[in-house]
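Spelled out from the first residue to the last, the chains are:
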2 protein chains.
Amino acid sequence: MILRTSGPSPFGRKVVMAAHILGLVDQIKIVPADTTDPSDSLRLENPLGKIPVLILEDGTTLYDSRVILDYLDHRAGGGVIIPTGESRFAVLKMMALADGVLDACILQVYEKRFRPEDRREVGWVAYQAEKVKRALTWLESNALPSLSGKPDGGAITLAAALGYLDLRFEGLWRNDHPKLVAWLRDFAKAVPSYDLTETPKS
Amino acid sequence: MILRTSGPSPFGRKVVMAAHILGLVDQIKIVPADTTDPSDSLRLENPLGKIPVLILEDGTTLYDSRVILDYLDHRAGGGVIIPTGESRFAVLKMMALADGVLDACILQVYEKRFRPEDRREVGWVAYQAEKVKRALTWLESNALPSLSGKPDGGAITLAAALGYLDLRFEGLWRNDHPKLVAWLRDFAKAVPSYDLTETPKS
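What counts, and where the lines are drawn
Residues numbered from 1 in each chain as written. Chains lettered and ligands numbered in written order. Predicted model: local features only at pLDDT ≥ 70, side-chain atom pairs only at ≥ 80, totals over all residues. Heavy atoms only, no water. Least-squares fit on C-alpha atoms with pLDDT ≥ 70 in both. Contact = heavy atoms within 4.5 Å. Domains from an automatic or database assignment. Buried area = accessible area lost by both parts, 1.4 Å probe. Salt bridge = Lys/Arg side-chain N within 4 Å of Asp/Glu carboxyl O. Helix = DSSP H or I, 4+ residues; strand = E, 2+ residues; numbered from the N terminus. Buried < 20%, exposed > 50% of the residue type's maximum accessible area, 1.4 Å probe, protein only.

Asker: Sorry if this is basic, but what is going on with the relation of the copies chain A and chain B here?
Answerer: Put simply, the second copy of the chain is the first one after a rotation about an axis and a shift along it. Expressed as a screw operation, the relation of chain A to chain B combines 0.0 Å of axial shift with a rotation of 180 degrees, fitting to an RMSD of 0.0 Å. Put plainly, the chains are arranged around a two-fold axis. Among all residues of chain A, the minimum C-alpha distance to the rotation axis is found for Arg 119 of chain A, at 2.4 Å. A high fraction, 100%, of the interface residues of chain A reappear at the interface in chain B, so the copies pair face to face through one surface.

Asker: I would appreciate a short explanation of the domain arrangement of chain A in the present structure.
Answerer: The parts lose accessible area when they come together, and the size of an interface is often stated as this lost area. Residue and element names in this part refer to chain A. As far as domains go, chain A holds domain 1 (2–75) and domain 2 (88–192). Each of domain 1 and domain 2 has a C-alpha centre, and these two points are 21 Å apart. Of the residues lining the interface, 11 residues belong to domain 1; the matching set on domain 2 comes to 19 residues. Approximately 1,300 Å² of surface area, both sides summed, lies buried where domain 1 meets domain 2, with 73% of it carried by carbon and sulfur atoms. On the domain 1 side of the interface with domain 2, the three residues burying the most area are Phe 11, Ile 21 and Arg 66, jointly 42% of the side's total. Where domain 1 touches domain 2, the interface holds two salt bridges.

Asker: It is not clear to me how the environment of His 20 of chain B should be interpreted in this structure. Could you clarify?
Answerer: Residues and elements named next belong to chain B. Within the fold, His 20 resides in helix H1 (residues 10–21). On the basis of relative accessible area, His 20 is assigned to the partly exposed category, the value being 30%. Sequence-wise, His 20 and Tyr 194 are 174 residues apart; in three dimensions their C-alpha atoms are separated by 9.6 Å. Sequence-distant contacts of His 20, defined by excluding residues within four places in its chain, comprise Val 25, Ser 193 and Leu 196.

Asker: What's the story with the pattern of salt bridges in this structure? I'm lost.
Answerer: Pairing is possible between side chains that carry opposite charge, provided their charged atoms lie close to one another. This model, assessed by the stated rule, comprises 24 salt bridges over all chains. A salt bridge links Asp 64 of chain A to Arg 66 of chain B; its shortest N-O distance comes to 2.6 Å. With Asp 64 of chain A in the loop between strand E4 (61–62) and helix H3 (65–75) and Arg 66 of chain B in helix H3 (residues 65–75), this pair bridges two chains. The class for Asp 64 of chain A is partly exposed, based on a relative accessible area of 26%. Between Glu 57 of chain B and Arg 75 of chain B there is a salt bridge; the shortest N-O distance is 2.9 Å. Residue Glu 57 of chain B is found in the loop between strand E3 (53–55) and strand E4 (61–62), and its partner Arg 75 of chain B is found in helix H3; the two are separated by 18 residues along the sequence. Judged by relative accessible area, which is 54%, Glu 57 of chain B ranks as exposed. Take Arg 75 of chain B: its relative accessible area is 28%, and that puts it in the partly exposed class.

So this is what it looks like as structure tokens:
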């Protein structure tokens, strides 16, 4: 399999961590993708032009990261990082929450990347930042994904989201969320691919 | 179950159509939500403040729409609109593609909703519009979801996306995509809840 992604992408990081956890990483070759380059074959592989994309042995492409996690879980036998049965939905919800945090983070990053300073909208950035803040507050006072046994898709996605807050938002979330900080420390201890996939702050 | 959504939300529309298709609609009460109102209980139900949210009989909340579709499928016995086994991944990919179209559409709508005219970014809007255009071009020349038997999650999401292009983008997509136009007509014939959930253009 080929994975089109880029190092700092938190959605790509989810996939790489999942591949490690599922014992599939040796079957995947990473081919870096540039979402801003129209000549990159990425837009043929995914018309949305988004990463990550997984290209299977027969040329089939799969996206987005949630679908790829589901597929890799299937390749590993099924029910490993995404449970079947009743416990499934808490995991899927955690994945959706952490993905939602990432979406709100990325819109804040894009505000700077796509617009000159005088056309940035303070209210929009605050609106996205509030989503992140409410989600972190909720997480801090609710049960976090278990780290006994293999981490599930919710744990992987949450770790990717917190790692992205470290990378792009100066880790400020750490000041007010001791339980989440401890959880991420335990995740990194239990999942060596977390440190392995970390993007150095430039 | 209680569904927090609003009429024009394409993500909410997906859920309502799925509930009809799965025979679960009588078990769901819709309670309209206002994403812009901080006093709406929505932000307690989903810290991201996004719709739709499904509230189960025991108070558990589920989001986002993809998770809710998976849950409703489970309530209906499983494997009905989201197949298990190998055919699963084409359906999940179609759901991700149509959700990606919707995300790119909504960012264009929000550009107008959240910013005064002189601070809108033409390049950003074009960047999102190109995602939609490439996705529609790809769909027009590839296999569309089957409409024999119950429509799957891919069909439901694609119909919601095309319906949103009709609602918010003057149906201009219809000019260049005859195969998609025919597909949506067939979908609406096969799935009465499509017309039932249509938001009148104001």
